[in-house]
Amino acid sequence: MEATDSTRAFVKDVKRVVIKLRAFSLMDYAMLKNDFYCIRFSVHSLFVGTAVVTRADGRLALGRLGALCEQIHELNYQGYEVILVTSGAVGVGRQRLRYRKLINSSFADLQKPQVELDGKACAAVGQNGLMALYDTLFSQLDVTSAQLLVTDNDFRDPAFRKQLNETVKSLLSLKVVPIFNENDAVSTRKAPYEDSSGIFWDNDSLAALLALELKADLLVLLSDVDGLYSGPPSDPHSELIHTYIKERQEGLITFGDKSRVGRGGMTAKVKAAVYAAYAGIPVVITSGFAVDNILKVLNGKRIGTLFHRDANKWAPQGEVGAREMAVAARESSRRLQALSSHDRSKILLDVADALEANEKLIIAENEADVADAQQAGYEKSLVSRLALKPGKISSLANAIRVLANMEEPVGRVLKRTELSEGFVLEKTSSPLGVLLIIFESRPEALVQIASLAICSGNGLLLKGGKEARRSNAILHKVITSAIPKSVGERLIGLVTSREEIPELLKLDDVIDLVIPRGSNKLVTQIKTSTKIPVLGHADGICHVYVDKSANRDMAKQIVLDAKTDYPAACNAMETLLVHKDLLQDGILNELIVELQIKGVKIFGGPRASSLLNIPEARSLHHEYSSLACTVEIVDDVNAAIDHIHQHGSAHTDCIVTEDHEIAELFLRQVDSAAVFHNASTRFSDGFRFGLGAEVGISTSRIHARGPVGVEGLLTTRWIARGSGQVVNGDKGIVYTHKDMSLQA
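Note that this is a predicted model, so its numbers are computed, not measured.

A. Examining the side chain of asparagine 366 more closely. Checked against the element boundaries, asparagine 366 lands in helix H15 (residues 359–375). With relative accessibility at 2%, the residue asparagine 366 sits in the buried group. Reaching out from asparagine 366, the side chain makes a polar contact with the backbone oxygen of leucine 386 at a distance of 2.9 Å. Ignoring any residue separated from it by four or fewer positions in sequence, one finds asparagine 366 in contact with Leu386, Ala387, Leu388, Pro443 and Ser471.

B. Just empty space enclosed by the protein, in detail. Enumeration over the complete set of coordinates arrives at 2 cavities of 30 Å³ or more. Elements that contribute at least two residues to the lining of the second largest cavity include exactly helix H14 (341–357) and helix H17 (392–404). It is H14 that contributes the most residues to the lining of the second largest cavity, 4 residues altogether. Classifying every residue of the lining of the second largest cavity by side-chain character gives 6 nonpolar, 2 polar and 3 charged.

C. Representation of the sheet that holds strand S19 (residues 628–634). Here 6 strands make up an open sheet; going across it, the order is S18-S19-S17-S16-S20-S21 and the pairing parallel. Two strands in the sheet have a free side with no partner beyond their single neighbour: strand S18 (601–604) and strand S21 (674–677). Direction aside, neighbouring strands of the sheet carry axes that sit 20 degrees apart on average. Contacting strand S16 (542–546), strand S17 (573–579), S18 and S19, helix H24 (residues 587–597) runs over the sheet at an angle of about 160 degrees to S17. Taken strand by strand, helix H26 (residues 637–647) contacts S16, S17, S19 and strand S20 (652–656), and its axis lies near 170 degrees from that of S16.

D. Quick look at the sheet that holds strand S13 (residues 459–463). Overall, parallel pairing links the 4 strands, which are arranged S14-S13-S12-S15 in an open sheet. Sheet topology places strand S14 (492–494) and strand S15 (513–517) at the edges, where each strand pairs with a single neighbour. When strand polarity is set aside, the average angle formed by the axes of neighbouring strands in this sheet is 15 degrees. Bridging between strand S12 (residues 434–439) and S13 involves 5 bridges; their strand directions are parallel. Residue leucine 436 lies in a different strand from S13, and its bridge partner there is leucine 461. Helix-sheet contacts for helix H13 (residues 322–337) involve S12, S13 and S14, and the interaxial angle to S13 is about 145 degrees.

E. Structural view of the pattern of salt bridges. Summed over all chains, the structure comprises 22 salt bridges. Between arginine 344 and glutamate 408 there is a salt bridge; the shortest N-O distance is 2.6 Å. Here arginine 344 is found in helix H14, whereas its partner glutamate 408 is found in the loop between H17 and strand S10 (413–420), with 64 residues between them in sequence. With a relative accessible area of 5%, arginine 344 lands in the buried category. Put simply, lysine 556 and glutamate 590 hold a salt bridge, and the shortest N to O gap is 2.9 Å. Taken together, the positions of lysine 556 in helix H22 (residues 552–564) and glutamate 590 in helix H24 put the pair 34 residues apart, joining distant regions of the chain.

F. Representation of the side chain of threonine 681. Of note, threonine 681 is situated in the loop between S21 and strand S22 (696–698). The exposure class assigned to threonine 681 is buried, which follows from its relative accessible area of 0%. In this structure the side chain of threonine 681 is engaged in a polar contact, spanning 2.7 Å, whose partner is the backbone oxygen of asparagine 571. With sequence-adjacent residues up to four places away left out, threonine 681 is seen in contact with Cys542, His543, Val544, Ala562, Asn571, Ala572, Met573, Thr652, Cys654 and Phe676.

Scoring rules and cut-offs
- Residues numbered from 1 in each chain as written.
- Predicted model: local features only at pLDDT ≥ 70, side-chain atom pairs only at ≥ 80, totals over all residues.
- Heavy atoms only, no water.
- Helix = DSSP H or I, 4+ residues; strand = E, 2+ residues; numbered from the N terminus.
- Buried < 20%, exposed > 50% of the residue type's maximum accessible area, 1.4 Å probe, protein only.
- Polar contact = N/O pair within 3.5 Å; in protein donor to acceptor, adjacent residues only side chain to side chain.
- Contact = heavy atoms within 4.5 Å.
- 1 Å grid on protein atoms, 1.4 Å probe; cavity = no way out; pocket = protein on both sides within 12 Å on 5 of 7 lines; lining within 4 Å.
- Points joined across faces, edges and corners; volume = space filled by probe spheres on them.
- Nonpolar A, V, L, I, M, F, W, Y, C, P; charged D, E, K, R; others polar.
- Pairing = 2+ DSSP bridges.
- Axes fitted to C-alpha atoms, helices over the stretch in contact; angles between N-to-C directions.
- Salt bridge = Lys/Arg side-chain N within 4 Å of Asp/Glu carboxyl O.

All we've got here are geometric facts, nothing functional implied.
Structure below.
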């Protein structure tokens, strides 16, 4: 069972939650557990720490507290029993006493060295203000709260523990939110902010103690970071750990600085979480700065860090982290680049043979995916993209063999220049490094992308859609089994969890390019979520413009092919533009009838829907990805170009005309990645372009545009061969900058 599924599994049974704002440490619960009197009733415990309660200047963070109270109100409404453990009293009291001291001080007093305020006095003053604020906020939400102050000595008394349980049980039955805080003002410890000799020594450890004492179902610790990281959160190499596995990660984590306020820190929180989790209370450490993180935790979302005593059973023993996977792909890619051209080509040929040898197994897994998708009610267009049709494996294998026999793309000298006598500079092609490809539905994309990565010497991380889980897994296994051990099968990594994508998108120091292939929503989301360069297109709104001089039969063939050959493809026609004169001579009606015979549903632009009495399209910028299209009437080629620029996606657009001047005008002025004359938009494809395969189609204007094959996965670097040249202020060198023949 994956950790994500386990998170959802345990939260569905949660009723009582203990919530703690910010940091927390842990008491030695074991020394007293045999004496504890416990009544079993479901609790949700929440700890709110000082860093969440206060701003950087020490003042209360009213917005965060308000959001917290709203979430607790929602949990109360849903039937959860919530216990809140809060910090912040000392900070509130210190702020008030500093102000009081300031207005009561003379100018001479202010010139003297200032003595730090007594922490106990701060706690006494702050408790009143903090609780008054909670009471005000909860009252606005029609929620009643109650304050309970405790010290560590209280828990040494069995009668106190029994009464505590009874009081809390009574409050919860009345829908009252108990708010706990350590009573620092009367603590018997001389230095309660440093002494950790008691049963608990701060509100962090108190939250854990209460979760265990009151038999909570879940403990949520709100911090000022997203959760537990593999290193200091400020370190760009640190990764968020979604599920803490003590057996694997204890001793491997580097902790950052202690909290800027309060007494806790991540070290203390982890210690507390481990003790509570192994005593049977699941714990989640997450950020208190987000407005709805508590609700997300209770809805089973994978946020923050989960601690659970069975966590080691959920993660496969061979599980690899996002960074480790990316680093392994880079290391393997460097070994791949070191191979000769012949050896890289042999890997591709072996992959092609392996695919054909395992065709029955691949088809069986794909059919299972298709059956599941149909049963789940997925759209027909998605199921169509998912299916590996008869002959597809053979076609893919042949495409890989074409790649293997292409000219060597890596290390090709693109330009050679003599800088000075005996000093030659070469510009050569070079792999980009590590690619992250995120694609939906289409398992054949995995094969195309993997073969292009091998051909171009790049490392690769792949994340396919969950609907193609079986297909992607078997294809990945077959392909990587053909990669020699000298390179390593981790050259191509398969990401199996959607939750890993945000972590991968943070690895801009390891991953060099992201290529999303899928819906507009997917591509847009990826572009806004990463610093890594993104190559791709958000929409495939392709146009066919039929000019007044178009050959009637040719126009029919091109329009039908562009729409019906593969309606789900991104290069399928979505909008048919027709010259106004064709309405009079009947060609437009013939085109519509032919499309309808093929099962295409017709929608009209404003002009066409009015003149032809057809339903109006909801938008002229719409990708149907199915047997449907928009038809619009335009005055001339210039109007068609304007329409394409206004409503298109700069993917692929076509003109059908016998007037070559009109055709050239269209080809020159339409600003799309691919522009055709008298040819179907379906030709906009890497294989059909002779690229062997494609990783996707880019509508970007930087680096690569249109179908992206091997060349789009390469960059350049400079190789210089000298004979002892030095700059020395350019005094002793004569620059020639002479172009040299690439055959030299």
